[in-house]
Amino acid sequence: MPRTRLTAACLAVLMTTAAAPAIAQTFQSTPVVTDASQAPLALPRAQPTIPAPQDKPYPGVIQYRADITDLDRRIINVSQTIPVASPGPLTLLYPKFLPGNHAATGPIQLLSGLTVTANGQRIEWLRDTLDPYAFHLDIPAGVTSIDVQFQQLTQPDASNWRVLMTPAMVNLQWEKAILYPAGYFTRQIPIQMTVKYPAGWTASGAVPAKVAGSTYTYDKTNYEILVDSPIIAGRYFKRWPLSPRVNLDVYADTPDELNATPAQIDAHKRLVDQAVKTFGAQHYDNYTFLLGISDQIGGI
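Attention in this report is confined to the structure presented alongside it. Each chain has its residues counted from 1, running along the sequence as written. Owing to the predicted nature of the model, reporting of local features is limited to residues with pLDDT of at least 70; listing and counting of side-chain atom pairs is limited to 80 or more, with chain, interface and lining totals taken over all residues. Working from all heavy atoms in the structure, the side-chain values ignore hydrogens and water.

Some points on the nonpolar core
Nonpolar core, defined: a set of buried Ala, Val, Leu, Ile, Met, Phe, Trp, Tyr and Cys residues in which side-chain atoms within 4.5 Å join the residues together. Relative accessibility under 20% of the residue-type maximum defines a buried residue, over 50% an exposed one, and the middle range a partly exposed one, all with a 1.4 Å probe and only protein chains included. In terms of nonpolar packing, the biggest core is built from 54 residues, with Y64, I146, V148, W174, L179, Y197 and Y218 touching the most fellow members. When checking whether two residues touch, look at their non-hydrogen atoms; a contact exists if any pair is within 4.5 Å. Contacts of L179, omitting those with residues within four sequence positions, involve Q80, L92, L93, Y94, L111, L114, F135, V148, F150 and Y223. Within the second largest apolar cluster, 11 residues are counted, among which are V246, L248, V250 and V272.

So this is what it looks like as structure tokens:
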């Protein structure tokens, strides 16, 4: 059986859109309602505005925590502590336009159980009626940060979306499991991330991390870098140094699939050598190829 290989160099997603059915239309005259008793019982409420992004620093560092130990149900549990500068309106956004995509393909349908609290009290949110990727809040006086909790419901099969979580491996793409405050360029929003993996797992990605058991505490970065820094984690892992600056990190469904031949590794080493000769420079301190070998994780 051919193996599915995924790399983090190009994290694109495929969606299938069904053709819209044809609709037969008929027209008839409708009398004008003049009796006030037959008028609508409620008028549409005023639509909150979504602040336009500005190139200014966000006031504070967002703490992001993800727990991916629920392998049976394939659910990623997320909590975020988001500082707020003042009371009043605040809009949280779910990423709509994803890297490598050319349409609004952010899988908002996979976000579930959104709850917002502050100082132990629940803050109700209002979903934007025109943009379903936006959630409006009214921050009470005296609140300096809000706690946001939700779940990313990953797919058990590839019927609607690619599989990214199995009992042996996970491919984390942060733009699919994150919210951020509107009104700021994402490169101006600092964030620090902590991820709890299943016991015995290893994780690889671009953002450096300190490891304590199965918990990885990543260095502070910003949203723009984070969504461009996917992670592969899993039970079966092996690393091959390709050069003093470049590593090949491989994850697989089973341990025997990590038995690469010397010729296969030498081919990857030559890839690095030829890239240096082609470009004439190495514009990185270190570089890690992320490779997953799997019949279960969705291919990209």
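Re the pairing of strand β2 (residues 62–70)
Two strands pair when backbone bridges link them, and β2 and strand β12 (residues 190–196) are joined in this way by 6 bridges, in the parallel orientation. Residue I62 lies in a different strand from β12, and its bridge partner there is I191. For two strands to be treated as a pair, DSSP must find no fewer than two bridges joining them. By definition, any uninterrupted DSSP run of H or I lasting at least four residues is a helix, any uninterrupted run of E lasting at least two residues is a strand, and each is numbered from the N terminus. Judged from the 6 bridges that link them, β2 and strand β3 (residues 75–83) form a sheet pairing that is antiparallel. If you follow A66 over to β3, its bridge partner there is V78.

Considering the pattern of salt bridges
Side chains bearing opposite charge may pair, as long as their charged atoms lie close to each other. Within this document, salt bridges are pairs made up of a side-chain nitrogen of Lys or Arg and a carboxyl oxygen of Asp or Glu, the two lying within 4 Å of each other. Under the criterion given, the structure shown has 6 salt bridges. Close ionic contact of E124 with R122 constitutes a salt bridge, the shortest N to O distance being 3.4 Å. Classification of R122 as exposed rests on a relative accessible area of 52%.

Structural notes on the environment of N77
As for its placement among the helices and strands, N77 is situated in strand β3. On the basis of relative accessibility, which here comes to 28%, the residue N77 falls in the partly exposed class. Put simply, N77 and Q152 are 75 residues apart on the chain and 6.6 Å apart in space, counted from C-alpha to C-alpha.

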